[in-house]
There are 4 protein chains.
Amino acid sequence: MAALTFDVDAESPVLAEGRRHAESAMAMTHQAFGPKVGVPRILQMLKDVGQPATFFIPGVTAERYPQMVEQVLESGHEIAHHSHTHRQAVHLTLDEERRDFDLAMKALGRFGITPKGHRAAMWQPSWQTPSLVAEFGLKYDSSLMDSDTPYLIETESGTVAELPPHWSLDDWEQYAFLPEPRLGEIIQSPTIVADMWINEIDAMRRHGSLFMLTCHPFLTGRAGRLEALRKVIETAADWGDVRFTTCESLADAALADPALVPAPLVPITVSEDLYPDY
Amino acid sequence: MAALTFDVDAESPVLAEGRRHAESAMAMTHQAFGPKVGVPRILQMLKDVGQPATFFIPGVTAERYPQMVEQVLESGHEIAHHSHTHRQAVHLTLDEERRDFDLAMKALGRFGITPKGHRAAMWQPSWQTPSLVAEFGLKYDSSLMDSDTPYLIETESGTVAELPPHWSLDDWEQYAFLPEPRLGEIIQSPTIVADMWINEIDAMRRHGSLFMLTCHPFLTGRAGRLEALRKVIETAADWGDVRFTTCESLADAALADPALVPAPLVPITVSEDLYPDY
Amino acid sequence: MAALTFDVDAESPVLAEGRRHAESAMAMTHQAFGPKVGVPRILQMLKDVGQPATFFIPGVTAERYPQMVEQVLESGHEIAHHSHTHRQAVHLTLDEERRDFDLAMKALGRFGITPKGHRAAMWQPSWQTPSLVAEFGLKYDSSLMDSDTPYLIETESGTVAELPPHWSLDDWEQYAFLPEPRLGEIIQSPTIVADMWINEIDAMRRHGSLFMLTCHPFLTGRAGRLEALRKVIETAADWGDVRFTTCESLADAALADPALVPAPLVPITVSEDLYPDY
Amino acid sequence: MAALTFDVDAESPVLAEGRRHAESAMAMTHQAFGPKVGVPRILQMLKDVGQPATFFIPGVTAERYPQMVEQVLESGHEIAHHSHTHRQAVHLTLDEERRDFDLAMKALGRFGITPKGHRAAMWQPSWQTPSLVAEFGLKYDSSLMDSDTPYLIETESGTVAELPPHWSLDDWEQYAFLPEPRLGEIIQSPTIVADMWINEIDAMRRHGSLFMLTCHPFLTGRAGRLEALRKVIETAADWGDVRFTTCESLADAALADPALVPAPLVPITVSEDLYPDY
């Protein structure tokens, strides 16, 4: 199992660190590279290799770059929910989170998109997020990390498939460098990253794991990194037993799998006696 | 000499940074991967390569994941003491440390486990820790770094073997990435890590050192990293002169070695005149 | 398209962090290596490989190292504007930025230099910077990151070509280490960096991108790094289809290209309702 | 030209961050590895490869580990001045720096050692340090970074040779990891480090530079790193044209070289008008 996902964050994660960062022309243009140059280039590459993908697009990014959304729509790839503002749900009240969730639904809706899945901004959902995902009629979430295969979460609003991502299958930790706000500090060679991901997908097929790769067009849209990603995809496709699918397909398969039993997501409770520091 | 050790920390090091982090579903599930997926996978790999290991399990983790403890017990590997809460002893009073130590003894005791050794959370013992280890009847500690061969510490409660670990033989520095709390910032390629550790164990056998490897199931339980560790073990085992043993065996050998003379652990005293800043 | 650029910062970025750092003989001599040793060595290497380059020199650096400026002038390479003090324009008022811009014009002017282009210190321009560049009669800027090919910015004072740089084509992130002020934390092997840049320029020629490399003589002037850069240049030159040119030539070509349509640089506006944190 | 230098810091740089760190048994034993295990191992390796070296030993370290000092003395290698407490001179008053300098002279003097050279703690001298070096009768300093060949500094107390070190030729940035105090964050593979240094010394001989390598026994005394250093030395020695010498020999040659003209070390002065932030 393998999925190629692209989080088209654009300016949103930078603004989530403080709207003052809109004053930085460098930071803003650095992020704008994603929808302006990265997405068209990634779409072409996906066409070259003939593989489907899922694009998680925050509402504010869809609103600022409607042409980019149309390009993705025309390409036939899946578009999914990635919050409206890219603020982290873990730091919002439930009301704030619901409002942000709803704004994103409406922003995508204006393009005729009914998202089937959701990924929390910065992979920082609240414990209530899966319930919200079900409440809004979506099938899956992709934010939690306690497995590397799909599983089912039972919520008061219905069952949701969880498609677990992981920091090690994300281009951000490898490539992001932005000094202010400090959103990344290391620039790794794409050669080393491609080698790491090829080894990972090889190990994952041995273990029956889900290779859930997360890339960001403002990062992987750069030429050398795009070619490194192309190499990862082509290498895995050549093995013959790795199949890249959209997240929606993965969710459908998980929801239809009789071997998967839905279970509630239970928050961790902590004793103040054992952990006195808040 | 070589020992494979696994610190099954799960949520404990994150909660030790502040119990508010229990509100982060990402951080909690990120850590839960260890006992849920990492440990069974590691146990299978150890069975494949036919090598023994030592699992250091904090008390709170044993209580939250009893099935995981049973799996390790059934596999025949050693289970040892790794504090109750994973708070750093260096920042506790002696009474707090003793209480935490005792809670961990009781938590393991409920599984019928009488630990023979101890490793301080975050390798941050107090100067009194070896004495506490002896007071509770354990044979060894594995937290201090002034040697790379076993040595003996004389305490007021008896002699304790010290089995020195080191940051360079730990998967945390290579793989851990968690933005909040900020418990790691780099994700290294497992290929490079395996190469580094193979070179290290090769150098260590030339120097008669103890290869004391520390891995964490929430990190090394990931597929590519597990395969990298498998390669390290298989490569060293193929040389023929490297023997992997449990920490308890190493401690027994050290305590029985007439060449090793117990000496007290003497705290460093510092002149306020030379170092005015506290 | 490819350009070799050298930002001869010397002490200026350190002093921009606070003039107290002038008290650090290490930090000051660390930076002085650039104009004293790095620049002559780089000029010799460029002569060896027979390629043109552009040197961005802050005004205060030109004033402190006049002999270095003369050496660059004699070599025939382009000299361009890099602010006077290397303070970040994003944190200055427009008046302060204009004054700093003007001081740099005068500092270079005393050498008979009329710069044709500008690069913002730390790639941190204000949204008004391109307008200022036009106001002072320059043709191009090299600070924004929303493309990897030249484009045209329409300002109230005329049209300016933008020649986009990027953090991944900068030696700072790979080599800079300075603990106080903390201006860099990693020292990468030049072998790995050369490999990364060779792969990048190769990918960029496939994508028709501009390989805009930024090096700093206080970093790349070191022997091993200089030889790594030489290897990058020689490798690309051997391919036959990569042409290294000055930034001025790139700007002239962009300004004369009928396919490029000037557009204003529009600042991002942010809703306080969506992003309450300033 | 090449010099192998070892800074036997032991606990001193940790205590310089605050004497409270003496409460950390991990940090203290981590540092004690240097004099206890690292130095004897390094001495044996130097004997194996038949090369001379210079050991910079802080006064407090000499006092705490007299046997280690005797071992270095017996081996015939040079012992030089590395401050008494490892506090950074840049943050001391001149009186405090002189007192610390004097305490170190006396500490070494009790072993019969008259140091011929000095290296500032953390390479953080004051602008007065070279003058102090001359005042105490030493011939050289090794702390400044504006060249990579020896040069001469004229002071009011006489002429001093400067033997420039650099962060890129230091094992600290590659290997040091200590979370509290935070004295290092990365653990690089010794294979990559050896490759980097071999390339560096190769480039340096082409440029006539001084390969001034700085290693720390608490870091490079570890087995895999020691073997990596051995490989660097053996590789360079095999070339035939690289000669390893003590710092004292380098200083003598520089002081006797008619081509080198002593010049004063001139502090940088900064205009408050240009750099308003202190």
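The structure we're discussing is the one just above.
For the structure given in this document, a descriptive report is provided here. Quick caveat: nothing in here was measured; it's all calculated off a predicted structure.

1. Focus on the overall build of chain A
A count of helical and extended segments in chain A gives eleven helices and ten strands. For chain A, the C-alpha radius of gyration of 18 Å lies close to 19 Å, the compact-globule estimate for 278 residues. Considering only C-alpha atoms, chain A reaches an extent of 50 × 50 × 45 Å along its principal axes. Counting only residues that meet the buried cut, chain A has 66% of its 278 residues in that class. Contacts in chain A between residues far apart in sequence, at least 24 positions, make up 70% of those at least 6 positions apart. Just so you have it, chain A exposes about 9300 Å², and 49% of that area is on carbon and sulfur atoms. Put simply, chain A has 22 plus and 40 minus side-chain charges, and the middle of one group is 8 Å from the middle of the other.

2. What about the packing of aromatic side chains?
For the structure on display, the rule yields 20 aromatic pairs over all chains. A centroid spacing of 5.0 Å and a plane angle of 70 degrees characterise the contact between Trp123 of chain C and Trp167 of chain C, whose relative ring orientation is edge-to-face. Taken together, the positions of Trp123 of chain C in the loop between strand S4 (117-118) and helix H6 (129-135) and Trp167 of chain C in the loop between strand S7 (158-162) and helix H7 (172-175) put the pair 44 residues apart, joining distant regions of the chain. Given a relative accessible area of 4%, Trp123 of chain C falls into the buried group. Using a relative accessible area of 6% as the deciding quantity, one classes Trp167 of chain C as buried. Taken together, the ring pairs in this structure connect Trp123 and Trp167 of chain A together with Phe177 of chain B into an aromatic cluster. The positively charged end of Arg205 of chain A is found above the aromatic ring belonging to Trp239 of chain A, 4.0 Å away from the centroid. Looking at Arg222 of chain B, its charged tip hangs above the ring of Phe33 of chain B, at a distance of 3.6 Å from the centre.

3. A word on the relation of the copies chain C and chain A
The relation between the two copies of this chain is a rotation about an axis and a shift parallel to it. You can overlay chain C on chain A at an RMSD of 0.0 Å; the transform is a turn of 90 degrees with a shift of 0.0 Å along its axis. Here the copies are linked by what is in effect a four-fold axis. Closest approach to the rotation axis within chain C is made by the C-alpha atom of Ile186 of chain C, at a distance of 5.8 Å. Interface residue correspondence from chain C to chain A reaches only 10%, placing this contact among heterologous pairings that use different surfaces.

4. Here we look at the pairing of strand S7 (residues 158-162) of chain B
Residues and elements named next belong to chain B. Bridging between strand S5 (residues 140-141) and S7 involves two bridges; their strand directions are parallel. Bridge pairing in S7 places Asp141 opposite Glu162. Examined bridge by bridge, strand S6 (residues 151-155) and S7 share five bridges and lie antiparallel to one another. By the bridge assignment, Thr155 is partnered in S7 with Gly158. A loop of two residues connects S6 with S7, the two strands running antiparallel in sequence.

5. Considering the interface of chain C and chain A
Between chain C and chain A, the contact holds 42 residues from the first and 47 residues from the second. Interface area, chain C with chain A, both sides summed: about 3900 Å², of which 57% is carbon and sulfur. Where chain C meets chain A, there are six salt bridges. Between Glu272 of chain C and Arg19 of chain A there is a salt bridge whose closest N-O contact spans 3.6 Å.

6. With respect to the arrangement of the chains
In this structure chain B stays clear of chain C, and the shortest span between their C-alpha atoms is 12 Å. No part of chain A reaches chain D; the closest C-alpha pair between them is 12 Å apart.

About the thresholds
Note that residues are indexed from 1 along each chain, following the sequence as it is written. For naming, the first written chain is A and the first written ligand is 1, with later ones following in the order written. In view of the model being predicted, local features appear only for residues whose pLDDT reaches at least 70, and side-chain atom pairs are presented and counted only at 80 or more, with totals across whole chains, interfaces and linings using the full set of residues. The basis for every side-chain value is the complete set of non-hydrogen atoms in the structure, without hydrogens or water. Per the convention used, a helix needs a DSSP run of H or I reaching at least four residues, while a strand needs a run of E reaching at least two, with both numbered from the N terminus. Just to be clear, the radius of gyration here is over C-alpha atoms, and the globule rule we use is 2.2 Å times residues to the power 0.38. Each residue's exposure class comes from its accessible area (1.4 Å probe, protein chains only) as a fraction of the maximum for that residue type: buried when under 20%, exposed when over 50%, partly exposed otherwise. Between two residues, a contact is recorded if the distance between any of their heavy atoms is within 4.5 Å. Note on areas: Shrake-Rupley with a 1.4 Å probe; residue coverage comes only from the protein chains shown. In this charge count, Lys and Arg are treated as positive and Asp and Glu as negative; neither His nor the chain ends contribute. Throughout, a charge is located at the NZ atom of Lys, the CZ atom of Arg, the CG atom of Asp or the CD atom of Glu. Classification of ring pairs uses Phe, Tyr and Trp, with its six-membered ring standing for Trp, and accepts pairs whose centres are within 6.5 Å; under 30 degrees between planes counts as stacked, over 60 as edge-to-face, and the remaining range as tilted. Note on geometry: a ring has a charge over it if NZ (lysine) or CZ (arginine) is within 6 Å of the ring centre and within 35 degrees of the ring normal. Overlaid copies result from least-squares superposition on C-alpha atoms, with residues included only where pLDDT is at least 70 in both. When DSSP finds two or more bridges between a pair of strands, those strands are recorded as paired. Buried area is understood as the total, over both parts, of accessible area removed when two parts are fitted together, assessed with a 1.4 Å probe. Here, a salt bridge means any Lys or Arg side-chain nitrogen found within 4 Å of an Asp or Glu carboxyl oxygen.

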